[in-house]
Amino acid sequence: MRKIPLEAFTQIIRTLNTFTNTGDGAQALIDWLNEHIAPSAIYLSQSGLIFSARNFTLPDDVMIWLQDKDNWQQWETSRQVDNNNPVGSLDFEGDTLLIPLRCDGIVYGMICLDGNPRESSQILILAALLSERLHHLEAPMEVLSDEPLELVASADLLEQDT
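What counts and how
Residues numbered from 1 in each chain as written. Predicted model: local features only at pLDDT ≥ 70, side-chain atom pairs only at ≥ 80, totals over all residues. Heavy atoms only, no water. Helix = DSSP H or I, 4+ residues; strand = E, 2+ residues; numbered from the N terminus. Buried < 20%, exposed > 50% of the residue type's maximum accessible area, 1.4 Å probe, protein only. Contact = heavy atoms within 4.5 Å. Areas by Shrake-Rupley, 256 points an atom, 1.4 Å probe, with all protein chains shown as cover. pLDDT = per-residue confidence, 0-100. Expected span 1.5 Å × (residues − 1). 1 Å grid on protein atoms, 1.4 Å probe; cavity = no way out; pocket = protein on both sides within 12 Å on 5 of 7 lines; lining within 4 Å. Points joined across faces, edges and corners; volume = space filled by probe spheres on them. Salt bridge = Lys/Arg side-chain N within 4 Å of Asp/Glu carboxyl O.

Notes on the overall build of the protein chain
Helix and strand counts for the protein chain come out as six helices and five strands. Beginning at the N terminus, the succession of helices and strands in the protein chain can be written as α-α-β-β-α-β-β-β-α-α-α. Sorting the 162 residues of the protein chain into buried and exposed places 40% on the buried side. A fraction of 56% describes how many contacts in the protein chain between residues 6 or more apart in sequence connect residues 24 or more apart. If you sum the accessible surface of the protein chain, you get close to 10000 Å²; carbon and sulfur atoms cover 47% of it.

A look at the confidence of the model for the protein chain
In this model, the protein chain carries a mean pLDDT of 83, and residues with pLDDT of at least 70 account for 84%. The low-confidence segment residues 151–162 (pLDDT under 50) makes one contact with residues lying over four places distant or belonging to another chain.

Things to note about helix α4 (residues 120–138)
Spanning 19 residues, α4 covers 26 Å between terminal C-alpha atoms, matching the ideal 27 Å at 1.5 Å per step. Among the residues of α4, Gln122, Ile123, Leu126, Ala127, Leu130, Ser131, Arg133, Leu134 and His135 are the ones counted as buried. Among the structural elements, α1 (6–18), α2 (22–36), β1 (40–44), β4 (96–103) and β5 (106–114) are those in contact with the buried residues of α4.

A few points about the layout of surface pockets
Approximately 170 Å³ is the volume attributed to the largest pocket. Together, Glu76, Thr77, Ser78, Ile99, Pro100, Arg102, Cys103, Leu124, Ala127, Ala128, Ser131 and Glu132 line the largest pocket. When contributions to the lining of the largest pocket are tallied by element, the ones reaching two or more residues are β4 and α4. Among the elements that make up the lining of the largest pocket, the one with the highest residue count is α4 (five residues).

Overview of the pattern of salt bridges
Counted under the stated rule, the structure contains one salt bridge. Here Arg102 makes a salt bridge to Glu76, at a shortest N to O gap of 3.5 Å. You can see Arg102 sitting in strand β4 and its partner Glu76 sitting in the loop between α3 (60–67) and β3 (79–81), a full 26 residues away along the chain. The class for Glu76 is exposed, based on a relative accessible area of 60%.

What follows is the structure in structure tokens.
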């Protein structure tokens, strides 16, 4: 297993917990994975966009397959795809790790990592963080809290000059 500096891991966690634009979050994770683990791509199903490392391109048939959520929206866990474990008739051109991005039963996309990375526990943690943040950013406000919002103001703020 490759040694990932704690500072680098801490930085990507901080980034995933604070991004406000889904594309920025996806690209930040792609860049981090590319630098520390493996070239990768992320498909975000809400926008229909695919973000990838500069040196990693998904085959056209894989991109089309990703865009049809019916192919993978029921997946609960990651899958290692290789010649012995194919996904349908898709050609991933070698080993690929597929990780669905899910939170509270909602599918947000898929991470595709080139190869068979040994750092799978770190990758799964980062995928979960990305999923949680996407859920937070895309969920309506009433879903984020079980309690209704209560507006409170002091009496002097409500008084009007007459």
